[in-house]
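Inside the fold
Chain by chain, the residues:
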Amino acid sequence: MRKLMTPLCAAFSLASALALSGGAQAAAQTTHVSIGTGGVTGVYYPTGSAMCKLVNRGTKQHGIRCSVEATGGSVYNINTIRAGELDLGVAQSDQQFNAWNGEGAFKAKGEYKDLRSVFSVYTEAFTVVARKDADIKTFEDLKGKRVNVGNPGSGQRATMEALMAQKGWTMDAFKLVSELKAAEQAQALCDNKIDAMVYFAGHPNGAIQEATTSCDANIVAADDKATRDMVAEKSYLVSYKVPGGLYKGNDADIPTLGAKATFVTSVGADEESIYQLTKSVFENFDRFKRLHPAFASLDPKDMVSDGNTAPLHPGAARYFREAGLLN
Ligand code: GLU
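Reading guide: rules and limits
- Residues numbered from 1 in each chain as written.
- Predicted model: local features only at pLDDT ≥ 70, side-chain atom pairs only at ≥ 80, totals over all residues.
- Heavy atoms only, no water.
- Helix = DSSP H or I, 4+ residues; strand = E, 2+ residues; numbered from the N terminus.
- Contact = heavy atoms within 4.5 Å.
- Axes fitted to C-alpha atoms, helices over the stretch in contact; angles between N-to-C directions.
- Parallel < 35°, antiparallel > 145°, perpendicular 65-115°, else oblique.
- Nonpolar A, V, L, I, M, F, W, Y, C, P; charged D, E, K, R; others polar.
- Near = heavy atom within 4 Å.
- Polar contact = N/O pair within 3.5 Å; in protein donor to acceptor, adjacent residues only side chain to side chain.
- Areas by Shrake-Rupley, 256 points an atom, 1.4 Å probe, with all protein chains shown as cover.
- 1 Å grid on protein atoms, 1.4 Å probe; cavity = no way out; pocket = protein on both sides within 12 Å on 5 of 7 lines; lining within 4 Å.
- Points joined across faces, edges and corners; volume = space filled by probe spheres on them.
- Left-handed = near helix turned anticlockwise from the far one by under 90°.

1. Side note on the environment of Pro 300
Locating Pro 300 in the fold gives a position in helix H12 (residues 300-305). In contact with Pro 300, other than residues within four places in its own chain, are Phe 282, Phe 285 and Leu 325.

What follows is the structure, given as structure tokens:
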């Protein structure tokens, strides 16, 4: 009977086989890289998974094994990288900016100058979804309603707080405030526990899909003086639209604000690993783009330049220079 090999044995035997044959030293040890994402019904989770899928196709060559973690979102990811407990994370460009500068959700911890960008991906849309019977037509109509403002640690919570400050609102503006995680809020909406939820995410995503198919729910515009002023003031925000036709009962484009989803890491992350991760995505770009509909219009040049407040990590910069994407 053949003996089953544990993954550890497999790694060792690969290493010794290569050592015996004088093969690549790079594969002599397996380096594990973990990426913090978001809730499983969002787009960060499949985005991290897409990166890992491409990286892990080359584990035999470069020795890197990539895995994803479902997390509370942007702010959690950045703080956990800062604590040295995650290698990489996905974060909204507004939260990347705030972390670098020690603003907003990062005020207490102070500026984080060891933060590094890897690259940005697609544009996320600040998405308000309301029960049809809640009579919420605009962002302003959230006043006096039962609203899920997002779990602490999520990007939507941080952006929601910034928007509320811009409007001069406190949590008292709402009849009820809940802090459910992204993956829990659609069910709460359809169970009539809340009137509205907010999600700063790429489209299409599973959470909005769930909300719009399990009950009658509408995407609500976040497009008033406060949101427009914020877009005008903040370089990392854009005017954006949730495209119509993606979700049941929501056929029209809905204006809102947008930010980039970005991959971030710390200055101390291994240069070769970040180089290989970056290379795996960009050398297999067509394959990467097919892994999620939110990636359809990605452009490599924009991914290097847009939404990255923190300096590029040297491993990413090395790949971009080689590929002619950076001078
Ligand atoms: N933008 C959200 C956050 O920062 C996550 C969205 C997603 O998971 O796709 O928490």
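Text resumes after the structure shown.
2. A look at the packing of helix H7 (residues 182-190) against helix H8 (residues 206-214)
Contact geometry for H7 and H8: axes closest at 9 Å, N-to-C directions at 10°. Put simply, H7 runs roughly parallel to H8. For the pair H7 and H8, the contacting residues are Ala 182, Ala 183, Ala 186, Gln 187, Leu 189 and Cys 190 in the first and Ala 207, Glu 210, Ala 211 and Ser 214 in the second. Among the residues forming the contact of H7 with H8, the class breakdown is seven nonpolar, two polar and one charged.

3. Remarks on the site of the ligand
Inspection of the region around the ligand gives 13 residues, with Val 43, Ser 74, Gln 92, Gly 155 and Phe 200 positioned closest. One of the side-chain nitrogen or oxygen atoms of Ser 74 is found 2.4 Å away from an oxygen atom of the ligand. Note that a nitrogen atom of the ligand is positioned 2.8 Å from one of the side-chain N or O atoms of Glu 124. The fraction of the free accessible surface of the ligand (300 Å²) that becomes covered by protein chains is 98%. Of all elements in the fold, only helix H6 (155-167) and strand E7 (196-201) reach the threshold of two or more residues within the shell around the ligand. Sorting elements by how many residues they give to the shell around the ligand places E7 first, with three residues. Here the shell around the ligand is built from residues that sort into five nonpolar, seven polar and one charged.

4. Quick look at empty space enclosed by the protein
To find the voids left in a structure, one rolls a probe of water-molecule size over its atoms. Evaluation of the coordinates by the stated rule reveals one cavity of 30 Å³ or more. Each pocket or cavity is described by its volume, and for the largest cavity that value is around 30 Å³. A class-by-class count of the residues in the lining of the largest cavity yields two nonpolar, one polar and four charged.

5. Regarding the packing of H6 against helix H9 (residues 225-233)
Direction vectors running N to C along H6 and H9 enclose 110°, while the axes themselves pass 9 Å from each other. Here H9 runs roughly perpendicular to H6, going by the angle between their axes. The interaxial crossing formed by H6 with H9 has right-handed handedness. Mapping the contact onto sequence places Ala 162, Leu 163, Gln 166 and Lys 167 in H6 and Ala 226, Thr 227, Asp 229, Met 230 and Glu 233 in H9. Considering only residue class, the contact of H6 with H9 consists of four nonpolar, two polar and three charged.

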